[in-house]
Amino acid sequence: MSVKNKLKTTSLIIIGLVLLSCNAKPESENKESMSTKIATQNKETVKKFFNALENADVNELVHLFAENAKHINPYHSDLFPKGANGKEGIKNYWEPVFPNFDGMTFNIQELYAMEDPNIVFVKYTGDIKLKNSAGVYSNDYYSTFKFNDAGEITEYVEIFNPIVAARGFGLLNQIK
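These numbers were taken from a predicted model, which means no experiment stands behind them. (Residues numbered from 1 in each chain as written. Predicted model: local features only at pLDDT ≥ 70, side-chain atom pairs only at ≥ 80, totals over all residues. Heavy atoms only, no water.)

Quick notes on the packing of aromatic side chains
How two aromatic rings sit relative to each other is set out by the distance from centre to centre and by the angle between their planes.
Reasoning step 1: Under the criterion given, the structure shown has 19 aromatic pairs.
Reasoning step 2: Both rings, one in Trp94 and one in Phe98, keep their centres 6.0 Å apart while their planes meet at 20°; by these two values the pair is stacked.
Reasoning step 3: By relative accessible area, Trp94 is classed as buried at 6%.
Reasoning step 4: Under the relative-accessibility criterion, Phe98 is labelled buried at 12%. (Phe/Tyr/Trp six-rings, centres within 6.5 Å; stacked < 30°, edge-to-face > 60°. Buried < 20%, exposed > 50% of the residue type's maximum accessible area, 1.4 Å probe, protein only.)

What follows is the structure, given as structure tokens:
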């Protein structure tokens, strides 16, 4: 092969590599894109969680959780359930709740995926219609959701004002 042909071949290879590198995304951009995709997927699951509550669909609700998931109520004040462990525990927690009310609505005010896209924060209000025209229980909530790589909820933490909850359910005199 002549020097001229070698130069042509080398030039074509270089041009090809330059063109390929222009189309290739940097690793950080690929990670960012994947992170955004995971965050979006997990935020959609949070919306499905609230839809399941509003529809009183315990099976759909439980389906969103991982087998070893945890539901935590840190401000239960010993008046309300502390939470639940595992899909079966979560089902047992929520199944008796729905028949006690005439409906629930949740208004999501803020919904953010955190720096780790497998953690989602949500600020929302809840309005729960009490049976027998006994009124509406309303409270403000903050919750965190943690997800595994399969997009299942592994931890749900529900933070609410226990004084408002106690007042809403006629339990204010039981606060110690």
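Structure shown, so let's carry the discussion forward.
Examining the pairing of strand β5 (residues 136–147)
Reasoning step 1: Only one face of β5 is covered, namely the one carrying Tyr137, Asn139, Tyr141, Ser143, Phe145 and Phe147; the face carrying Val136, Ser138, Asp140, Tyr142, Thr144 and Lys146 has none of its residues buried.
Reasoning step 2: As paired strands, strand β4 (residues 119–130) and β5 are joined by eleven bridges and run antiparallel to one another. What sits directly across from Tyr124, in β5, is Tyr141.
Reasoning step 3: Taking the residues that link successive antiparallel strands as the turn, the β4-β5 hairpin has five residues, and the phi of Asn132 there is positive, at about 60°.
Reasoning step 4: Bridge count between β5 and strand β6 (residues 153–160): seven bridges; the pairing is antiparallel. Residue Thr144 lies in a different strand from β6, and its bridge partner there is Val157. (Helix = DSSP H or I, 4+ residues; strand = E, 2+ residues; numbered from the N terminus. Pairing = 2+ DSSP bridges.)

Points about the pattern of salt bridges
Reasoning step 1: Tallied over the full model, the rule gives four salt bridges.
Reasoning step 2: A salt bridge links Asp102 to Lys131; its shortest N-O distance comes to 3.4 Å. In this pair, Asp102 sits in strand β3 (residues 101–113) while Lys131 sits in the loop between β4 and β5, placing the two residues 29 residues apart along the sequence.
Reasoning step 3: For Asp102, a relative accessible area of 41% puts it in the partly exposed group. (Salt bridge = Lys/Arg side-chain N within 4 Å of Asp/Glu carboxyl O.)

Notes on the nonpolar core
Reasoning step 1: In this structure, Phe49, Phe50, Leu53, Trp94, Met104 and Phe145 are the most contacted members of the largest nonpolar core, which totals 38 residues.
Reasoning step 2: Discounting residues that sit within four places of it in the chain, Phe145 has contacts with Val46, Phe49, Phe50, Asn118, Ile119, Val120, Val122, Ile153, Glu155 and Tyr156. (Core = buried A, V, L, I, M, F, W, Y, C linked by side-chain atoms within 4.5 Å. Contact = heavy atoms within 4.5 Å.)

Considering unusual backbone geometry
Reasoning step 1: Despite not being glycine, Ala56 has its phi angle at roughly 50°, a positive value.
Reasoning step 2: Topologically, Ala56 is positioned in the loop between α2 (27–54) and α3 (58–63).
Reasoning step 3: Look at Asn132: it is not a glycine, yet its phi comes out positive at around 60°.
Reasoning step 4: Take Asn132: it is sitting in the loop between β4 and β5.
Reasoning step 5: Given a relative accessible area of 73%, Asn132 falls into the exposed group.

Focus: a nonpolar patch on the surface
Reasoning step 1: A cluster of nonpolar side chains, Tyr75, Tyr142 and Ile159, forms an exposed patch at the surface whose accessible area comes to about 280 Å².
Reasoning step 2: Its place among the elements puts Ile159 in strand β6.
Reasoning step 3: Looking at Ile159, the relative accessible area reads 31%, which means it is partly exposed. (Patch = residues over 30% accessible without salt bridge, like charges linked within 9 Å, V, L, I, M, F, W, Y side chains within 5 Å. Areas by Shrake-Rupley, 256 points an atom, 1.4 Å probe, with all protein chains shown as cover.)

Focus: the sheet that holds β3
Reasoning step 1: Taking strand neighbours across the sheet as the criterion, the six strands line up as β2-β1-β6-β5-β4-β3 in an open arrangement whose pairing is mixed. Every other strand in the sheet has two partners, leaving β2 (83–85) and β3 as the edge strands with one partner each. Between one strand axis and the next, the sheet turns by 25° as a mean value, whatever way the strands run.
Reasoning step 2: By the bridge criterion, ten bridges tie β3 to β4 in an arrangement that is antiparallel. By the bridge assignment, Thr105 is partnered in β4 with Asp127.
Reasoning step 3: Along the sheet, helix α4 (residues 86–94) contacts β1 (65–72), β2, β3 and β6; its crossing angle with β1, the most-contacted strand, is approximately 50°. (Axes fitted to C-alpha atoms, helices over the stretch in contact; angles between N-to-C directions.)

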